[in-house]
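Analysis of the macromolecular model
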Amino acid sequence: MAARHRAAPGAGAAGPGRADPLRGPHRGDRRPPAEAFSLADRGRIAPGLRADLVLVDADPTADIRASRAIAGVWKRGERVSREN
């Protein structure tokens, strides 16, 4: 995922939509990554699901570089420090 994140700024410009680099794990796959990998307990924020979340300060569908403006990270429902 890290390599995909670094390559993403140019990826949206050439493709059909700016949000495409944020979608499915395979080129052309428009499903959310959790669905594409059959991870039914992830990919959404809802009671009973795993809460792994990266919160950003801007809209990465408008500019993929906004995904680098990380405001917070939660793993299994607990906020974690990015210092580690």
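Before any of the text, the structure's been laid out above.
First, a word on what this report is: a plain description of the structure on this page. (Residues numbered from 1 in each chain as written. Predicted model: local features only at pLDDT ≥ 70, side-chain atom pairs only at ≥ 80, totals over all residues. Heavy atoms only, no water.)

Description of the overall build of the chain
Note the cut-off: Only DSSP runs of H or I covering at least 4 residues are called helices, and only runs of E covering at least 2 are called strands; the numbering of each starts at the N terminus. Relative accessibility thresholds used throughout: buried, under 20% of the residue-type maximum; exposed, over 50%; partly exposed, between the two (1.4 Å probe, protein chains only). The Shrake-Rupley method, run with a 1.4 Å probe sphere, supplies the accessible areas, and residue values consider only the shown protein chains as cover.
Looking only at helices and strands, the chain features two helices and three strands. The secondary structure elements of the chain, listed N-terminal to C-terminal, are α-α-β-β-β. Buried positions account for 18% of the 84 residues belonging to the chain. Of the roughly 6400 Å² of accessible surface on the chain, 54% is carried by carbon and sulfur atoms.

What to know about the sheet that holds strand 2 (residues 70-75)
Two strands in a sheet stick together by hydrogen bonds in their backbones, pointing the same way (parallel) or opposite ways (antiparallel). Under the convention used in this document: In this description, strands pair whenever DSSP reports at least two bridges between them. For helices, the fitted axis covers only the stretch in contact; all axes are lines through C-alpha atoms, and the angles between them, taken along N-to-C directions, range from 0 to 180 degrees.
Ordered by their spatial adjacency, three strands build an open sheet running 1-2-3, and the pairing between neighbours is antiparallel. Strands at the two margins of the open sheet, each flanked by one partner only, are strand 1 (53-56) and strand 3 (78-80). Each strand axis lies, on average, 30° off the axis of its neighbour in the sheet, ignoring direction. Of the strand pairs in this sheet, strand 1 and strand 2 are connected by four bridges, and their pairing is antiparallel. Following the sheet pairing, Val54 is matched in strand 2 by Val73.

Points about the pattern of salt bridges
For clarity, the cut-off: The rule for a salt bridge is simple: a side-chain nitrogen of Lys or Arg has to be within 4 Å of a carboxyl oxygen of Asp or Glu.
Counted under the stated rule, the structure contains three salt bridges. Across the pair Arg50 and Asp52 runs a salt bridge, and its minimum N-O distance is 3.6 Å. Asp52 gets classed as partly exposed once you look at its relative accessible area, which sits at 41%. A salt bridge links Asp63 to Arg65, with the nearest nitrogen and oxygen atoms 3.1 Å apart.

Describing the side chain of Ser67
By the element assignment, Ser67 lies in the loop between strand 1 and strand 2. On the basis of relative accessibility, which here comes to 13%, the residue Ser67 falls in the buried class.

So, the environment of Ala71
Worth spelling out the cut-off: Contacts are residue-level and defined by heavy atoms, with any inter-residue pair within 4.5 Å sufficient.
Among the secondary structure elements, Ala71 is positioned in strand 2. What makes Ala71 partly exposed here is its relative accessible area of 32%. With 16 residues separating them along the chain, Ala71 and Leu55 place their C-alpha atoms 5.4 Å apart. With residues up to four places along the chain from it excluded, the contact list for Ala71 reads Leu55, Val56, Asp57 and Arg79.

Thoughts on the pairing of strand 2
Here strand 2 pairs with strand 3 via three bridges, running antiparallel. Each bridged residue has a counterpart across the sheet, and for Val73 the counterpart in strand 3 is Val80.

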